[in-house]
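Here is how the chains run, residue by residue.
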Amino acid sequence: MTHSPTDPADAFAELGRIKLAETSLDDVLQRVAELAKRVLPVPVEVSVTLVRGGTGHTAAFTHELALDLDERQYAQGSGPCLAAAAGGDILSVPDITAEDRWPDWAERGRKAGVGSSVSIGMPIQEAVVGALNVYARTPHAFDDDTVAVLETFAAYAAVALANAQLYESTANLARQMQDAMASRAVIEQAKGIIMAERRCTATEAFNILAKVSQDSNRKLRDVAQALVDGAAGETRR
């Protein structure tokens, strides 16, 4: 059964319109999977595999079928999506009934009604690799032209994923820096309060804070914040 696919150029344009500042990485991955599904002329289900530190997980999927076949590979530590991610290659399974490289996974796919699949490796960063996985219920569903479309799409998607990940990492770093600056500010305020009360040096005030933190098993920032809040309450009274 065929359907009217989305023109690949339109899909690429839609992917390019994603505003990373307004879209989470998870949402970008889901859009990638949905767009990949829409560009093909045959009904398929799509997933996106990410591999970090040798551990794979499905970051987005269009149907439980794709998720189940991905997770089977993760549990066994081998399969087309993991091989494609590791090598940045195209791993095609034209007819799952004749697949002998991953027999257990192939059997799972046969029982689920899958006829063929293709996984396109997506090198994203040195620490993260991925694959775009497409599962069809009919054998030999992916001809050369279809694979070429997927390959181009996966390359474009890899750029979007890398940019999204870079944006998220940068945003996380900015938040961490803001938190660190806020922590430093409150610690300095607490040190000032102790110095005024005890007529001690800045180093001695810090050592007092550190000892209270250790004795009470609380974070240094939390101890400092409590002291500053207490001093503010005294001032208001």
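Heads up: these notes are all about the structure in this document. Residue positions are given per chain, counted from 1 along the sequence in the order it is written. Totals for whole chains, interfaces and linings use every residue, but because this is a predicted model, local features are given only for residues with pLDDT of at least 70 and side-chain atom pairs only at 80 or more, for both listing and counting. As a convention, hydrogens and water are excluded, and side-chain values are obtained from all of the structure's heavy atoms.

Time to look at the overall build of the chain. Summing up its helical and strand segments, the chain has eight helices and five strands in all. Only runs of H or I of at least four residues qualify as helices and only runs of E of at least two qualify as strands under DSSP, and these elements are numbered from the N terminus. Secondary structure of the chain in N-to-C order comes out as α-α-β-β-α-α-β-α-β-β-α-α-α. Based on C-alpha atoms, the radius of gyration is set beside the globule rule, defined as 2.2 Å times the residue count to the power 0.38. Taken over C-alpha atoms, the radius of gyration comes to 26 Å for the chain, far larger than the 18 Å a tight globule of 237 residues would show. The C-alpha extent of the chain, read off along each of the three principal axes, is 80 × 40 × 30 Å. Accessible area is worked out with a 1.4 Å probe on protein chains only. A residue is then buried under 20% of its type maximum, exposed over 50%, and partly exposed in between. Put simply, the chain has 237 residues, and 41% of those count as buried. The contact rule is simple, with two residues in contact once any of their heavy atoms fall within 4.5 Å. Long-range pairs, those at least 24 residues apart, make up 58% of the contacts in the chain between residues at least 6 apart in sequence. The accessible surface values rely on the Shrake-Rupley method and a 1.4 Å probe; as for residues, cover is taken only from the protein chains in view. As displayed, the chain offers around 12,900 Å² of accessible surface, 52% of which is attributable to carbon and sulfur atoms. Where the 23 positive side-chain charges of the chain centre and where its 32 negative ones centre are 12 Å apart. His is not counted here, nor are the chain ends, while Lys and Arg score as positive and Asp and Glu score as negative. To locate a charge, take atom NZ for lysine, CZ for arginine, CG for aspartate or CD for glutamate.

Bringing the environment of I208 into the picture now. Within the secondary structure, I208 is located in helix α7 (residues 202-216). For I208, a relative accessible area of 24% translates into the label partly exposed.

Nonpolar cores are built from buried Ala, Val, Leu, Ile, Met, Phe, Trp, Tyr and Cys residues. Side-chain atoms within 4.5 Å join them into one set. With 37 residues, the main nonpolar core has V32, L132, F142 and F153 as its most contacted residues. Contributions of two or more residues to this core are made by α1 (8-16), α2 (25-39), β1 (44-52), β4 (116-123), β5 (128-136) and α6 (144-198). Looking at this core element by element, the count peaks at nine residues for α6. Contacts of F142, omitting those with residues within four sequence positions, involve L40, V44, S116, S117, V118, V134, Y135, A136, V147 and L150. In terms of nonpolar packing, the next biggest core, distinct from the first, is built from 18 residues, V51, L69, A84 and Y135 among them.

Within the fold, T146 resides in helix α6. Looking at T146, the relative accessible area reads 9%, which means it is buried. Each C-alpha atom, one on T146 and one on P41, is 8.4 Å from the other, the two residues being 105 residues apart in sequence.

Quick look at the packing of α1 against α6 now. Axis geometry follows a simple rule: fit a line to the C-alpha atoms, using only the stretch in contact for helices, then measure angles between N-to-C directions, giving values from 0 to 180 degrees. Across the interface, α1 lies against α6 with an axial gap of 10 Å and an inter-helix angle of 5°. As the angle between them shows, α1 and α6 are arranged roughly parallel. Note on element contacts: α6 touches α1 through V149, T152, F153, Y156, A157 and A160, opposite P8, A11, F12, L15 and G16. In the scheme used here, Gly and all other residues not listed as nonpolar or charged are polar, with Ala, Val, Leu, Ile, Met, Phe, Trp, Tyr, Cys and Pro taken as nonpolar and Asp, Glu, Lys and Arg as charged. When grouped by side-chain class, the residues that make up the contact of α1 with α6 number nine nonpolar, two polar and no charged. We call two directions roughly parallel when the angle between them is under 35 degrees, roughly antiparallel when it is over 145, roughly perpendicular when it lies between 65 and 115, and oblique otherwise.

Moving on, we come to the packing of helix α3 (residues 64-76) against helix α4 (residues 80-87). Running from N to C, α3 and α4 point in directions that differ by 70°, and their axes come no closer than 8 Å. As judged from the angle between their axes, α3 and α4 are roughly perpendicular. Contact with α3, carried on its side by D70, Q73 and Y74, involves P80, C81 and L82 of α4 and no other residues of that element. Among the residues making up the contact of α3 with α4, the classes are represented as four nonpolar, one polar and one charged.

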